[in-house]
Every structure is written in C-alpha cells, then in structure tokens.
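Architecture at a glance
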Amino acid sequence: MADTTGSAFDIVVLGGGSGGYAAALRGAQLGLNVALVEESKLGGTCLHWGCIPTKAFLHAAQLADDAREGAHFGVHTELKGIDMAGVQQYKDSVIGRLYKGLQGLIKSRKITVIEGHGRLVAKDTVEVDGRRYTGTHIVVATGSYARSLPGLEIGGRILTSTEALDLTEVPKSVIVLGGGVIGSEFASVWKSFGADVTIIEALPHLVANEDEALSKAFERAFRKRGIKFNLGVRFAGVTQDENGVHVSLEDGKTFDAEYLLVAVGRGPRTADLGYEEQGLTLDRGFVITNERLHTGVGNVYAVGDIVPGLQLAHRGFAQGIFVAEEIAGLNPQPIVESGIPRVTYSEPEVASVGLTEAKAKEVHGADAVEVLEYNLGGNGKSQILGTAGFVKLVRQKDGPVIGVHMIGARVGELIGEGQLIVNWEAYPEDVAALVHAHPTQNEALGEAHLALAGKPLHAHN
C-alpha cells in the first residue's frame, strides 16, 4: 500500500520552472514554509530546453555571421566551419552554471524540493509517487510542451525545438513549420550556420503577433538573408524517408528538406494531473483564473504557461512572485499583460511592449492614436554595427506612450527602457528630456521621443 503520510506546508508548488521556482523563492523569502515538486530539472523548459539554450545557439550564430562579414569592417576573418559538438558543449556549460546556481539558491532558502511526478489529489494536497503533501495554498505551475498538429507525428526527421537543440550536425536544409518566435529564431540560427531554410506559416505574416510594420520589416530582412518563407497557406501533410522530409501545403505546393522543425506553438501541460477532478476550469487545456491568478477552487493558484496569455518565462516568473505575495497578504498589483516585454532574438531582433498600432486604434479609436517611426539609419551606433531597423512609437493623442516596437540588431537590450516608458505611462516630453548616452543604440529611443514631442533633431521633418 502507498505511503500516504506526508508533511504540511504553507505552500506546495507543483512545477519547478520559471513560475514555480519564483513562487517558491518569494514565498520562502516572506517566511512561508514551501515545498517545490519537480519531476525533471529545476528551471524547467526555459533553462534546459528553451530560452537559455536557444539564445546560446543564437550567440554562436552571430559569431559565425561576424566571422563571415569581417572584411566589411576591414578585419580579414573567415568561417572555417561549425563544430556542433563544440556548440553543444558551450550551450551545456551555460545551462550547467545557471542550473547549479539555481539549485544553490533553492537550497539556501530552505525550500523542500520533492523530486517526482506530482498530481493534485485534493484542493490542498499534491501526491508524489504515493506520498501526500498538504499545503494551505497550492500553486500549479506545470508549464508547457512543444505542440504538434493533428496527425503530425514527431520522430525521425520531424523534430520539435527539444530535439532540434540536440542535433549533432548542421542540417543541409530544413523546413520550419511556424513563423512565430521559436520558428524564426531557429530559422535564423540555421541560416547563420549555413543551412538552406524555408519557413511555412499559415498566417499572413512572420512574427504575426507583432505590429504589422515590424512583421513586414522582419520579412524584408529575412528575404535579404536568403531565408525563404511561404505565408498564408496551411500545412497539409508530410512524409519522410532516408533522404529527408517531403512537405505539402493545402494549395498543392511541395517542399523537400533534410529535416522538418515543428514550431507551431506550445500547449499547456495539464493533462492527467488531477486538475479537472478537483474542479479547476480548463479551456483547451489552459487553467482559467481571475486577474489575481486564483482558480476559483480552494486556495489553488495557477501561474505561467498553463494560464492563457503570453507564454514567456519572465511572465511566469512575475506571476510566481505575484502569487507568493498574494498568499502572504501583501495585496500586490495585478500584472498587466500588455506591459510585459516581448523579444524575438533572431537576426535582426524584434522587441516590443505595450499595444500595437492596430490594437491601440481598436481600444482608443483611430483618431485618438498617433504613431512615429524613427529609422536606425540616423543612429550612430547602429551604423557602426551595420544594422538597419527602426523604433516605432504608439501614443494616445496628447497622452502617454502606449506602445514601443523595435527591429534591428540588439534591440532586445533596449526594451527595458521601453517597458518603463509604457508601464509608467510616460509622455514623449518626459522621455525627450532624459539625456541618452552617445553613441548608443539606446539613443534611438531618445531621438524617437524627441520627434514625437515635436522637436526631431536627427530625423527629417
């Protein structure tokens, strides 16, 4: 008979990814007794199979491009090849250091880590391998998995991002199914590594959730890099043999390559975890909560990718902190979804926060919205780096800036200021008065706000 005795905690967190470990760390910091249940590795998808390894690949890809293009800067470099074993070693060493640091943090905060597969078996109880742990509060944070399409079996030459990160060679050719963030980042990496890349996207644009101006500029940049893409037609089927994959679309077009990467989004990991049995409301697998991330059942909260909305590690992390503070009675401010920064770390990078022009017009009315684009052609540091792109601002007429949208190399590092501008409801005049260091790309934000405040300097009127 299973051992059903366990321990009682203030919080039992189910899932040790970005959302779960943040809830555990903040809860412990606030003096609560916390148990953290994780069946695989602390840090979850983001650390081991997502954000961190893909960005390591993207950095290696940038070095490959820099080596190829050195002569453009008067530096005679050449790319002798990509050693995937070396790239994997570098990626794994980055993950290893961060993983070790996270384990140390969790241990230092006296959090009880329970290894194993947990299920919600009562409104206040999680069962792990036959042993039960009760929590005055429960936080479910079980994350997401790489989704596929109906009838599209993963295996052999058909990969998700998880398998793609373990490839031991650079594919000669690859088809990427899905032109969102994950698909675009992998397409960027493989092109830089020397592969022939084609993206298949059923929506009319790549990175289709972004402002349309960014999507169009992104497509131009990818076209210039030689990344092929087919937009607006849905995937019909795929076969594979020893030579590669053969993909067909609904309009009859066919594409052949060595591999197919399925990057059609991520699904919530909520099946067979006891959620429905305990009365949690699921919609297409997602856990429905109120704005304070409460599920409506007992003292059960949900955070991260299982909650409908942006599937971003930093969103889950922020939600984990929010829930811990909510449980501790601090009454934190609910997280505004549109105020969460979003970055695609390809070449070029895309970064945004706040409302797109289309959404702003939908919310406030077409006549109540003003937009401005500042081209990086006028930015000294961007010219030094040899990057093109722009900053697009969206504001309420005579009101605050409600959207910052950027494309170009390294613009992901600028979104921090963009986030402050939007979330603190700054007016263009407020930002225009701030002194931005020269020469930096950050200056482009200052210049864009100068222009929006009616005093453009490095911009044509």
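About the thresholds
Residues numbered from 1 in each chain as written. Predicted model: local features only at pLDDT ≥ 70, side-chain atom pairs only at ≥ 80, totals over all residues. Heavy atoms only, no water. UniProt positions renumbered as here; feature names shortened; annotations may be inferred. Domains from an automatic or database assignment. Contact = heavy atoms within 4.5 Å. Buried area = accessible area lost by both parts, 1.4 Å probe. Salt bridge = Lys/Arg side-chain N within 4 Å of Asp/Glu carboxyl O. Nonpolar A, V, L, I, M, F, W, Y, C, P; charged D, E, K, R; others polar. Helix = DSSP H or I, 4+ residues; strand = E, 2+ residues; numbered from the N terminus. Buried < 20%, exposed > 50% of the residue type's maximum accessible area, 1.4 Å probe, protein only. Polar contact = N/O pair within 3.5 Å; in protein donor to acceptor, adjacent residues only side chain to side chain. Pairing = 2+ DSSP bridges.

The protein chain is annotated in an unreviewed UniProt entry as Dihydrolipoyl dehydrogenase from Cellulomonas cellasea. Under Sequence similarities (unreviewed entry), UniProt gives the following word-for-word description of the protein chain: "Belongs to the class-I pyridine nucleotide-disulfide oxidoreductase family." Of the protein chain, the UniProt comment under Catalytic activity (unreviewed entry) reads exactly: "N(6)-[(R)-dihydrolipoyl]-L-lysyl-[protein] + NAD(+) = N(6)-[(R)-lipoyl]-L-lysyl-[protein] + NADH + H(+)".

1. Remarks on the domain arrangement of the protein chain
We note that the domain assignment places domain 1 (9-144 + 268-337), domain 2 (158-264) and domain 3 (348-453) within the protein chain. For domain 2 versus domain 3, the separation of C-alpha centres amounts to 29 Å. Contacts between the two partners involve 8 residues from domain 2, matched on the other side by 12 residues from domain 3. In total, about 830 Å² of surface goes out of reach between domain 2 and domain 3, with carbon and sulfur atoms giving 71% of it. Joining domain 2 to domain 3, the criterion identifies 1 salt bridge. Residue Asp211 is joined to Lys392 by a salt bridge in which the shortest nitrogen-to-oxygen separation is 2.8 Å. Taken together, the residues of the side of domain 2 that touches domain 3 break down into 5 nonpolar, 1 polar and 2 charged.

2. Focus: the side chain of Glu185
In this fold, Glu185 is placed in helix α6 (residues 181-193). We classify Glu185 as buried; its relative accessible area is 5%. Ignoring sequence-local partners within four residues, the contact set of Glu185 consists of Thr54, Lys55, Leu58, Val343, Thr344, Tyr345 and Ser346.

3. Points about the UniProt feature "active site" (unreviewed entry) in the protein chain
Mapped onto this structure's residue numbering, the UniProt feature "active site" (unreviewed entry) falls at His438. The residue His438 is located in the loop between α12 (428-432) and α13 (443-452) in this model. Polar side-chain contacts of His438 include one of 2.9 Å to the side chain of Glu443.

4. A closer look at the sheet that holds strand β15 (residues 259-262)
The strand order across the open sheet built from 5 strands is β8-β15-β9-β10-β11, with neighbouring strands paired in parallel fashion. Because the sheet does not close on itself, it has two edges, and the strands there are β8 (158-159) and β11 (228-231). Bridge analysis of strand β10 (residues 196-201) against β11 gives 4 bridges, and the strand direction is parallel. What sits directly across from Ile200, in β11, is Asn230.

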